[in-house]
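In case you want the letters, here they are:
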Amino acid sequence: MIWAFDVLLVLALIGVAAHIIWAREHFQAVVLFITFGLLLSMAWSRLNAPDIAITEAGIGAGLSGVLLMNALKSGSASRPGLSNKVLACLILPWACLMSLLLAWAWDAALIGSGLGVEVLAALPHAAFEYPVTAVLLDFRTFDTWLELGVLLAAVFGILGTGFRSGPQGRPDLKPPEPVGTWALNILFPFMILIGGYLLWLGAFAPGGAFQSGVILAAAGVMLWQSGRPCLAGVPFFWVRVCVVSGFSAFLLLAVSSLVRSQELLTHPDSKIWILGVEYAATLSIAACLVILAENCITK
Amino acid sequence: MSILHALSILLCLAGGVFFLGGTLGLLRFPDTYSRLHALTKADNLGLGFVVLGLMARTENISELIILVLIWFLALVGSSSACYLIANHIRNEALHKGETDDLGL
Amino acid sequence: MSTFYLGMAVFLLLNILIGLYRVYAGPRPRDRMVAAQLFGTTGVATLLLLARALDAVYIKNAALVFVLLMVMAVLAFVRNMPVSIDRDPDK
């Protein structure tokens, strides 16, 4: 029975992806993209990766949908479809590649479990019990730091274009809507609660800074969609502080480790440091994603 | 334990029937209002039955609370989404000054 | 026992795929948005059944996150889509 589910899911993923590329109307492609996010979340669950499943459900099916719908507001709604000649030229090489890949994967043996053995051996020395969070924030802190840098660069890019600036350089608000307000009144406390719960859970179970940041960002975006000021109600100085807090927390950690002449990004034994860095990263991710969603509107 | 197993299977099957009804309604009904109505009502009922069936198999209290929370939040989200879409259709019909699908 | 829940998950996945026909054939954007409602509830049910079938407790958190973010896409559609785009393409 598990075979039936796997085959159906794979066919669904390929079919929806092909449909997205081939769809003539942009709105159709956006709705299909949300579906694709959901199916991908199911695939990650099936592959026994709950962390990525949670993040995919949040970003792929939630925030990406909002971003794409906001960007869809203006412009023409459709585009000319792919001609049959192009499709015929693409299908045959694709089919050959896929069959080669399947044939190779069928007989390929797992070389090992990657670095899993080394991680589990080093786990007692890490600050977290859960291996995924330990790898993200303890063993590979440099990669997480750079990811926050990428997010920061994206926010700089968006703010630099200044699409949605009002007279003071802030995005304008829409008038509030009653049903959206009602849904917000019920969902917003739960979003904050679940965000905090996942952040706390990250120490010993699937969760952590990214998942929590995504949910808090969703709370902020919903606040803004219902017509309440989200980041606009906060003085812009504090918005800037929140946005750079994650990156600079890692920077402080790096500088402090250099000052103490240890290896880069070694954190002291007390857990306060790494927890502080994790919380700052969550705040930073939430603020950056809210700015991205608020400003990605074309006039 | 087999009573709970049988109850869980029955409830999940009932949920499946309602999900099928909702999908058929989405495909076969003539206009947007009826599709929306069929989908929202039937799918939420189906989700309720599936959650009840899974609640019969939980082992501890925290899983039970999470399941009930998921059900409650799904109800809030679906009902507000249904109203938002229907209101949008109505406003568009009023804006264009013509009668919409229901002839209102 | 997990075979039954997997079978239900397969059935709900088939429901989603059949509902995609409405996204393909819906004459107006509002019909396609109605299909997004389908994915919301059916997707959550599928994730919950998968969590029980694979005996992985933390997939329920993925379903929880999905349910929280379900209404955001509809809000974005309603507040950003001007009435001129949501037109029947035949007219």
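Residues numbered from 1 in each chain as written. Chains lettered and ligands numbered in written order. Predicted model: local features only at pLDDT ≥ 70, side-chain atom pairs only at ≥ 80, totals over all residues. Heavy atoms only, no water.

**Here we look at the confidence of the model for chain B**
Where we set the bar: Confidence of the predictor at the level of single residues is given by pLDDT, which spans 0 to 100.
With 91% of its residues at a pLDDT of at least 70, chain B reaches an overall mean of 89. In the predicted complex, the global pTM is 0.89; the interface-specific ipTM is 0.89.

**Regarding the interface of chain C and chain A**
Here is the rule we go by: We call two residues in contact whenever any of their non-hydrogen atoms come within 4.5 Å of each other. Two parts placed together each lose some accessible area under a 1.4 Å probe, and the buried area is that loss summed for both. Throughout this description, the term salt bridge denotes a Lys or Arg side-chain nitrogen within 4 Å of a carboxyl oxygen of Asp or Glu. Within 3.5 Å is the distance limit for a polar contact, defined as a pair of N or O atoms, with the added protein rule that one can donate a hydrogen and the other accept it, and that residues adjacent in sequence qualify only through two side-chain atoms. For helices the rule is a DSSP run of H or I covering at least 4 residues; for strands it is a run of E covering at least 2, with both sets numbered from the N terminus onward. Each residue is assigned to one class: nonpolar for Ala, Val, Leu, Ile, Met, Phe, Trp, Tyr, Cys and Pro, charged for Asp, Glu, Lys and Arg, and polar for all the others, Gly among them.
Facing the 42 residues of chain C at the interface are 57 residues of chain A. Both sides of the chain C and chain A interface together cover about 4500 Å² of buried area, and 80% of this is carbon and sulfur. Of all residues in chain C, Leu68(C), Met72(C) and Arg79(C) bury the most surface against chain A, accounting for 16% of the area lost on that side. In this assembly, chain C and chain A are joined by one salt bridge. The partner of Arg32(C) in a salt bridge is Glu25(A), and the shortest N-O contact between them spans 3.1 Å. Where chain C touches chain A, the interface holds three residue pairs in polar contact (both at pLDDT 80 or more). Among the secondary structure elements, those contributing two or more residues to the side of chain C that touches chain A are α1 (2-25), α2 (29-53), α3 (59-68) and α4 (70-80) of chain C. For the side of chain C that touches chain A, the element with the most residues is α1(C), which contributes twelve residues. Grouping the constituent residues of the side of chain C that touches chain A by class yields 34 nonpolar, six polar and two charged.

**As for the interface of chain A and chain B**
The interface is formed by nine residues belonging to chain A together with nine residues belonging to chain B. Buried area between chain A and chain B, both sides added, is near 780 Å², and the carbon and sulfur share of it is 88%. At the junction of chain A with chain B, the criterion picks out zero salt bridges. At the boundary of chain A and chain B, one finds zero residue pairs in polar contact (both at pLDDT 80 or more). Here the residues of the side of chain A that touches chain B are counted per class, giving eight nonpolar, no polar and one charged.

**Description of the pattern of salt bridges**
Using the following cut-off: Here's how the labels work: a residue is buried when its accessible area is under 20% of the maximum for its type, exposed when over 50%, partly exposed in between, all with a 1.4 Å probe on protein chains only.
Scanning all chains against the criterion turns up seven salt bridges over all chains. When the shortest N-O distance is used, the salt bridge between Arg46(A) and Asp6(A) registers 2.7 Å. Placement of the pair is Arg46(A) in helix α2 (residues 26-46) and Asp6(A) in helix α1 (residues 2-22), with a sequence separation of 40 residues. A residue is classified by how much of its surface remains accessible, and Arg46(A), at 24% relative accessible area, is partly exposed. Asp6(A) gets classed as partly exposed once you look at its relative accessible area, which sits at 24%. Residue Lys60(C) pairs with Glu63(B) through a salt bridge whose shortest N-O separation is 3.4 Å. With Lys60(C) in helix α3 and Glu63(B) in helix α3 (residues 61-96), this pair bridges two chains. Residue Lys60(C) is classed as buried on the basis of its relative accessible area, which comes to 6%.

**Some points on the packing of α1(A) against α2(A)**
Describing two packed helices takes the angle between their axes plus the distance from one axis to the other. Residues and elements named next belong to chain A. What counts is decided by this rule: Each axis is a line fitted through C-alpha atoms, and for a helix only the stretch in contact is used; angles between axes span 0 to 180 degrees, taken between their N-to-C directions. Here the angle decides the label: under 35 degrees means roughly parallel, over 145 means roughly antiparallel, 65 to 115 means roughly perpendicular, and every other value means oblique. Definitions for this section: a left-handed crossing has its near helix turned counterclockwise from the far helix by less than a right angle. A right-handed crossing has that turn clockwise.
Two elements in contact, α1 and α2, have axes whose closest approach is 9 Å; the angle formed by their N-to-C orientations is 155°. For the element pair α1 / α2, the angle class is roughly antiparallel. Classified by chirality, the crossing of α2 by α1 is left-handed. Across from Ile2, Phe5, Asp6, Leu9, Ala12, Leu13, Val16, Ala17, His19 and Ile20 in α1, the residues of α2 making contact are Gln28, Ala29, Leu32, Phe33, Phe36, Leu39, Leu40, Met42, Ala43 and Arg46. The residue inventory of the contact of α1 with α2, partitioned by class, reads 16 nonpolar, two polar and two charged.

**With respect to the packing of helix α9 (residues 209-225) of chain A against α4(C)**
Closest axis-to-axis distance for the α9(A)/α4(C) pair is 10 Å, and the angle between their directions is 30°. Viewed along their axes, α9(A) and α4(C) adopt a mutual orientation that is roughly parallel. Here α9(A) and α4(C) pass one another in a crossing that is left-handed. Along its contact with α9(A), which presents Ala218(A), Val221(A), Met222(A) and Gln225(A), the element α4(C) presents Val71(C), Met72(C), Leu75(C), Ala76(C) and Arg79(C).

**Let's talk about the environment of Ile61(B)**
Residues and elements named next belong to chain B. Relative to the helices and strands, isoleucine 61 is located in helix α3. What makes isoleucine 61 exposed here is its relative accessible area of 57%. Residues isoleucine 61 and serine 8, spaced 53 residues apart in sequence, show a C-alpha to C-alpha distance of 17 Å.

**Topic: the environment of Tyr58(C)**
Structurally, Tyr58(C) is set in the loop between α2 and α3. When the C-alpha atoms of Tyr58(C) and Leu48(C) are compared, they prove to be 10.0 Å apart, with ten residues separating the residues in sequence. The contact partners of Tyr58(C), leaving out residues within four places of it in the chain, are Pro50(A), Ile54(A), Leu201(A), Ala205(A) and Pro206(A).

**Remarks on the side chain of Thr144(A)**
Residue placement: Thr144(A) occurs in helix α7 (residues 141-161). Residues in contact with Thr144(A), not counting those within four places in the same chain, are Leu136(A), Leu137(A), Phe210(A) and Phe250(A).

**Observations concerning unusual backbone geometry**
Even without being a glycine, Asn48(A) presents a positive backbone phi close to 65°. Looking at the secondary structure, you find Asn48(A) in the loop between α2 and α3 (50-71). Relative accessible area serves as the criterion here: at 61%, Asn48(A) is assigned to the exposed category. The phi dihedral of Asp55(C) falls on the positive side, at around 60°, and the residue is not glycine. Position of Asp55(C) among the secondary structure elements: in the loop between α2 and α3. Using a relative accessible area of 60% as the deciding quantity, one classes Asp55(C) as exposed.

**Topic: the confidence of the model for chain A**
With 89% of its residues at a pLDDT of 70 or more, chain A has an overall mean of 83. Here residues 166-170 of chain A is modelled with pLDDT under 50, and outside its nearest four sequence neighbours on either side it reaches seven contacts, counting other chains as well.

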